[in-house]
Amino acid sequence: MNLNDFLAQLPDGLYELGARVALVLVAFLLIIILRRILTWLILRPLRRLVKKGGYDDDKSAVDVLVSPMRFFIIAIALLISIQLIPTTQGINNLVFGISRSLIIIALLLFIYNLVDLLAPSSLRIANLTGFAIEDRILPFVRVAIKLLILAVGMVILLQEWGYDVSGLLAGIGIGGLAVSLAAQDTIANLFGFVAIVSDRPFDVGEVIRTGDVEGTVEHVGLRSTRIRQPNQAVVYLPNNVVANSPVLNWSRLKKRQMELRLKVAFATTHDQLRSMMQQTRIMLSKQNSVETNSIVVNILDLTNESTEILVRCYILIADWKLFTIEKERLALEILDILKSLSIEMAASVTDVRLNSAQGA
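Residues numbered from 1 in each chain as written. Predicted model: local features only at pLDDT ≥ 70, side-chain atom pairs only at ≥ 80, totals over all residues. Heavy atoms only, no water.

Chemist: Run through the nonpolar core, naming residues and quoting values.
Modeler: One finds Met258, Met276, Ile309 and Val311 to be the most contacted residues of the largest nonpolar core, which totals 24 residues. Counting residues in each nonpolar core, the second largest holds twelve residues, with Ile196, Val197, Ile208 and Leu237 among its members. (Core = buried A, V, L, I, M, F, W, Y, C linked by side-chain atoms within 4.5 Å. Buried < 20%, exposed > 50% of the residue type's maximum accessible area, 1.4 Å probe, protein only.)

Chemist: Give a detailed account of helix α11 (residues 320-340), specifying residues and quantitative values.
Modeler: The end-to-end C-alpha distance of α11 is 30 Å, a good match for the 30 Å that 21 residues give at a rise of 1.5 Å each. Of all the residues in α11, the buried ones are Phe323, Glu326, Leu330, Ile334, Ile337 and Leu338. Take α11 and look down its axis: the buried residues cluster within an arc of 130 degrees, on one side only. Exposed side chains of α11 directed beyond 90 degrees from the buried face belong to Lys321, Glu328, Lys339 and Ser340. Check the buried side of α11 and you find it contacts β6 (256-265), α10 (270-285) and β8 (306-315). (Helix = DSSP H or I, 4+ residues; strand = E, 2+ residues; numbered from the N terminus. Expected span 1.5 Å × (residues − 1). Arc of directions from axis to C-beta. Contact = heavy atoms within 4.5 Å.)

Chemist: Can you tell me about the environment of Leu330, naming the residues and giving the values?
Modeler: Structurally, the position occupied by Leu330 is in helix α11. Look at Leu330 and you get buried, because its relative accessible area is 0%. Sequence separation between Leu330 and Thr280 is 50 residues, and the spatial gap between their C-alpha atoms is 9.6 Å. Leave out the neighbours within four places in its chain, and Leu330 touches Met258, Met283, Leu284, Gln287, Val290 and Ile315.

Chemist: I'd love a proper account of the pattern of salt bridges, names of residues and values included.
Modeler: Scanning the model with the defined rule gives eleven salt bridges in all. Residues Glu206 and Arg252 are paired through a salt bridge, measuring 3.2 Å at the closest nitrogen-oxygen approach. Of the two residues, Glu206 is situated in the loop between α8 (184-199) and β1 (207-210) and Arg252 in the loop between β5 (247-249) and β6; the sequence distance between them amounts to 46 residues. With a relative accessible area of 38%, Arg252 lands in the partly exposed category. The residue Asp271 makes a salt bridge to Arg274 at a minimum N-O spacing of 3.5 Å. Within this pair, Asp271 and its partner Arg274 are both found in helix α10, separated by three residues, close to a single helical turn. Taking the relative accessible area as the measure of exposure, Asp271 reaches 57% and is therefore exposed. Taken together, the shared-partner salt bridges connect Arg200, Asp203, Glu206 and Arg252 into one network. (Salt bridge = Lys/Arg side-chain N within 4 Å of Asp/Glu carboxyl O.)

Written out as structure tokens, the structure reads:
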């Protein structure tokens, strides 16, 4: 008996079923080929993004596609199988729903994996988008984007299966409101941390003053900022307080102002005053540490006991200790000028008057 005679003896339904199964197998073979073609088509533009982001190979891009492609291939296989094998209308609707859900899951999983691929560091985000994001904020940004993708995907899948998500969203909104009210301080501190890290009003190791607290920043955490004061006491400030308060950053000074108010004796002659101010201006202008165009040496005030002279300039030293040393040196130079011109400082005078009683 040859093959044709054997096939002729088979029942018509069984022969047709076998033919359909064979078609399904062929379809699966075509799907495998299609998978490689789709992978190549998607991988080609993705490679450009990967290279632009600073990657050296395509392994990470392939990893992004592997799991979504599995769901996508299963969905395509189900759709083809349901067309080739006769089933009831209910099974058809169920398979179509499962296939659409698998395709949605594949797309969402692809976008989910793409977040880690395109945003592993702030440098690569800057290369791709031109926007600079602090590395300390980047994990929160990635988690927020992933949670948003999961939430959107959940809503789409529920709608795909005919569920009304309006009530669910309302319930989630009410629950989120209750949680936010209960944890408003924690959330405020977390947003304060994001504001501090993004704006960078100070860095760890810098000396700042905010409110009544002044000292060196030792740590910036999710909830609080630790500052060590000059007396070595440690202050923990909530991040929302720091973010909403003026911050004076002493460590970012490029120069410091020196101001001296000299009260010389009123008996000092005009020639002595002119010579003293002129010599002081010349002396300051020759100093490498002094900003020349900031020098001010002028008479500020006159009283019955003294003549007040203002000496002001910027010293190009940011460090407080070194600044005080330089200020001391310049003050001694000025005192030497006063001594060379025989100019004396005004003595402090207390005026005491006694009124006698009337009729004494």
